[in-house]
Amino acid sequence: MKKWRIIWLNYAATVFCNVLFFQLQAQNVKEPAPVYPVPTEAQLKWHEMEMNAFIHFTINTFTDKEWGYGDENPALFNPSGVDAPQWVAELKNAGFKGLILTAKHHDGFALWPSKYTSHSIKNSPYKNGKGDIVKELSDAVKKGGLKLGLYLSPWDRNHADYGTGSYITYYRKQLSELVKNYGPLFEIWFDGANGGDGFYGGRREARKINGATYYNWPATIRMVDSIQPKPQILFFSDAGPDIRWVGNEEGHVGKTNWNNITPDTLYAGKSGINSLLNTGSENGTQWIPAETDVSIRSGWFYHTREDAKVKTPEKLFDIYLSSVGRGSTLLLNIPPDRTGRFHENDVASLRGFKELLNRRLGTNLAKKSKVTASNTRGKNPRFAGSAMTDGNKETYWATDDGVTSASFEIELDNQKTVQYILLQEYIRLGQRVKSFTIEALQGSDWKLLAEETTIGYKRIVNVTPVTTQKIRVTITASKACPLISNVEVF
Ligand code: FUL
C-alpha cells in the first residue's frame, strides 16, 4: 500500500513540476514588440470592413454629365422614386459594410438642404423642396446596420468665392452641418480633383489653387474632431491623413502593398506620386492604408448609354482579388439611375459577384486544420501554428525574435483541389512580411505555386488549381518575426 502511495506521489509530483515548468516557460515568452507604424483602432475596424460602396448621385445624374459646371438649374434634380433602402439591401446582401455618398460633387449642388447655399435640393421639385437624400441614406444605413461615410467635394464650381479664404469658411460650415446632423460617420472623403474652370457665381472663368496649402486640412480636421472625435472618423484624401488614394481608378492596389507611407512625400495633385500611392513604402513613417475606389460602370454617375457596359460579376471578382485580396479596402461605386434606384443591370452584377464570392471563397478547406511550423515563439502553444486555423483573429502564429524566415505546413483532411490561399498578418503589431512562397505537396515533392511579396491585412493568392493534401507557406523575408493570424484555403 505504502509503496503504491509513494509511486503515486512521485507521479503526481512529476506531472505538477512539468505543468509548472511549461507554465513558467509560457509566461516567460514575451509578446512580440510592435513594428512601427501600427494602425489606430479606427483604422483596424476600417480594414475589417473590407468592402464599402460609393454612391455617386447628384444633378449630374439628370444632366448626363460626369463633372457639372456649377450653373445647373436645381429644378433639374427630380428623381421619381429614391430608394435608399434598396441601395442598402443590395449592398448588404453582397457583403458591403459601409456606404459613402456624394453629398456635394464638384458642381456644388448639395443633396441636403444646406443653410449656406441655394444650389441645393431645397430648390428642386424633389419632395417639393423638402427632400434630403443624405438623411434618407443615413436613416436607411442605420436601419440596415451598415455605416455611413460622406464625400464633400473641396472643389466647388458653383461657389462665387472658390479660390479665396471665405470659401474655406463656407466649406467648413457645410462639413459641420453634415457631421452634426447625419453622423456618426466612419469616413469623410476629400477628393483631390481640381479642374480649374467653372461657373463661380457667374464669372465663368478658370481658377487655380495651390492644392498643398489652400484647404488647410489640419484646421478643417480639427474642426470635425471637435464635433465627432477622431478615433471614430477617418479622413480620406490622396495623401491621407488616415486613408490614402490607391493611385488609379481601375480597381487595383500594388501586388506589393505597404500600409506604411511617409506623408511628406505626398499631397493632392503632386505629379508622379501615383505609383507610390499604389504600393506604399516599406519604410514609410505612418500607417495610411490604400483604398481602392472604382466604379461598376465606366463613369462615376449614371448614364443610360452605359447600361450595357456594367462590369460583369467575373470582373468584380477580379477587382476583389486585386483590392481586398492585396490588403486594401474596396470602395465600389454603384450610381443610382434617374429614378433614384440601382439599375437592374447593376443589381444583377452585384448579385452575381456575391455568388462568385460564395462559390469560390465560401468553404475554407483549412478550418481547424493541423498546422506544423518550423519555429514557434518560445515553443509556447499560444503562438503555435494552430492559431492560424482556429478562426480567432486575435490569436496568431509567431516565431522567436530574430527569426525572420520560417515556414508552416497545413494538412488538409484529405486530397483537395486548391486554387486560393488566404493569409492575414496580425497587423495590430505592424506590417512585417516582405516576401513569401506557397508550395503544394505532390507525391514526395514540393511544387512551387507562388512567389509573392507583402501580406498585410489580407492576401489572397490565386494559384493554378492543384490537388494536394499539404500546403507549405514559407516566409522568406520579414522586417521582424512574422505574425500570421489567419490562413484559409479554398
Ligand atoms: C475623382 C472625381 O473627379 C470623380 O468625379 C469621382 O468623384 C472620383 C471618385 O474622384 O477625383
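From a predicted model like this one, the values you see are computed outputs, not experimental measurements.

## Topic: the site of the ligand
- In the vicinity of the ligand, the contacting residues are F54, H56, W67, H105, H106, Y151, D191, A193, E249, D293 and W300.
- One of the side-chain N or O atoms of H105 is found 2.9 Å from an oxygen atom in the ligand.
- In isolation the ligand exposes 290 Å². Once the protein is present, 91% of that is buried.
- Among the residues making up the shell around the ligand, the classes are represented as five nonpolar, three polar and three charged.

## Some points on the sheet that holds strand β1 (residues 51-55)
- One open sheet holds the eight strands; their spatial order is β7-β4-β3-β2-β1-β12-β11-β8, and the pairing between them is parallel. Edge positions in the open sheet fall to β7 (234-236) and β8 (244-245), since each of these has one partner strand only.
- In this sheet, strand β2 (residues 98-104) lies alongside β1 in parallel orientation, the contact comprising four bridges. When the sheet's bridge partners are listed, F54 is paired in β2 with I100.
- Running at roughly 165° to strand β3 (residues 147-152), helix α6 (residues 165-182) makes contact with β2, β3 and β4 (185-189) of the sheet.

## Brief notes about the domain arrangement of the protein chain
- On domain assignment, one finds that the protein chain holds domain 1 (41-361) and domain 2 (370-489).
- When each unit is reduced to the centre of its C-alpha atoms, the spacing between domain 1 and domain 2 is 35 Å.
- With 23 residues of domain 1 at the contact, the number on the domain 2 side is 20 residues.
- In total, domain 1 and domain 2 occlude about 1900 Å² of area from one another, counting both sides; carbon and sulfur atoms represent 54% of this.
- The residue E48 makes a salt bridge to K393 at a minimum N-O spacing of 3.7 Å.

## Observations regarding unusual backbone geometry
- Residue P37 is reached from Y36 by a cis peptide bond, and omega for that bond is 0°.
- Looking at where P37 falls in the secondary structure, it is placed in the loop between α1 (2-28) and α2 (41-49).
- Its identity as a non-glycine residue notwithstanding, R204 has a phi of 40°, on the positive side.
- Within the secondary structure, R204 is located in the loop between β5 (197-198) and β6 (205-206).
- Residues other than glycine seldom take positive phi values, yet K368 does so here, at roughly 60°.
- Within the secondary structure, K368 sits in the loop between α10 (344-361) and β13 (370-373).

## Things to note about α2
- All of the buried residues in α2 are A42, Q43, L44, W46, H47 and M49.
- Within two residues after α2, E50 carries a phi angle of roughly 65°, on the positive side.

## A word on the environment of L150
- Secondary-structure assignment places L150 in strand β3.
- Residue classification places L150 among the buried residues on the basis of a relative accessible area of 2%.
- Between the C-alpha atom of L150 and that of V134, which follows or precedes it by 16 residues, the distance is 8.6 Å.

## Brief notes about the side chain of R297
- Looking at the element boundaries, R297 is found in the loop between β11 (290-295) and α9 (313-323).
- Here the side chain of R297 touches D307 through a polar contact of 3.0 Å, side chain to side chain.
- In this structure, R297 is in contact with Y302, H303, E306, D307, V310, K311, P335, H343 and D346, ignoring residues within four places of it in sequence.

## What about the side chain of Q424?
- Residue position: Q424 is located in strand β15 (residues 406-425).
- In this structure the side chain of Q424 is engaged in a polar contact, spanning 2.8 Å, whose partner is the side chain of N486.
- If sequence neighbours within four positions are ignored, Q424 has contacts with I455, G456, Y457, K458, L483, I484, S485 and N486.

Rules and cut-offs
- Residues numbered from 1 in each chain as written.
- Predicted model: local features only at pLDDT ≥ 70, side-chain atom pairs only at ≥ 80, totals over all residues.
- Heavy atoms only, no water.
- Near = heavy atom within 4 Å.
- Polar contact = N/O pair within 3.5 Å; in protein donor to acceptor, adjacent residues only side chain to side chain.
- Areas by Shrake-Rupley, 256 points an atom, 1.4 Å probe, with all protein chains shown as cover.
- Nonpolar A, V, L, I, M, F, W, Y, C, P; charged D, E, K, R; others polar.
- Pairing = 2+ DSSP bridges.
- Helix = DSSP H or I, 4+ residues; strand = E, 2+ residues; numbered from the N terminus.
- Contact = heavy atoms within 4.5 Å.
- Axes fitted to C-alpha atoms, helices over the stretch in contact; angles between N-to-C directions.
- Domains from an automatic or database assignment.
- Buried area = accessible area lost by both parts, 1.4 Å probe.
- Salt bridge = Lys/Arg side-chain N within 4 Å of Asp/Glu carboxyl O.
- Buried < 20%, exposed > 50% of the residue type's maximum accessible area, 1.4 Å probe, protein only.

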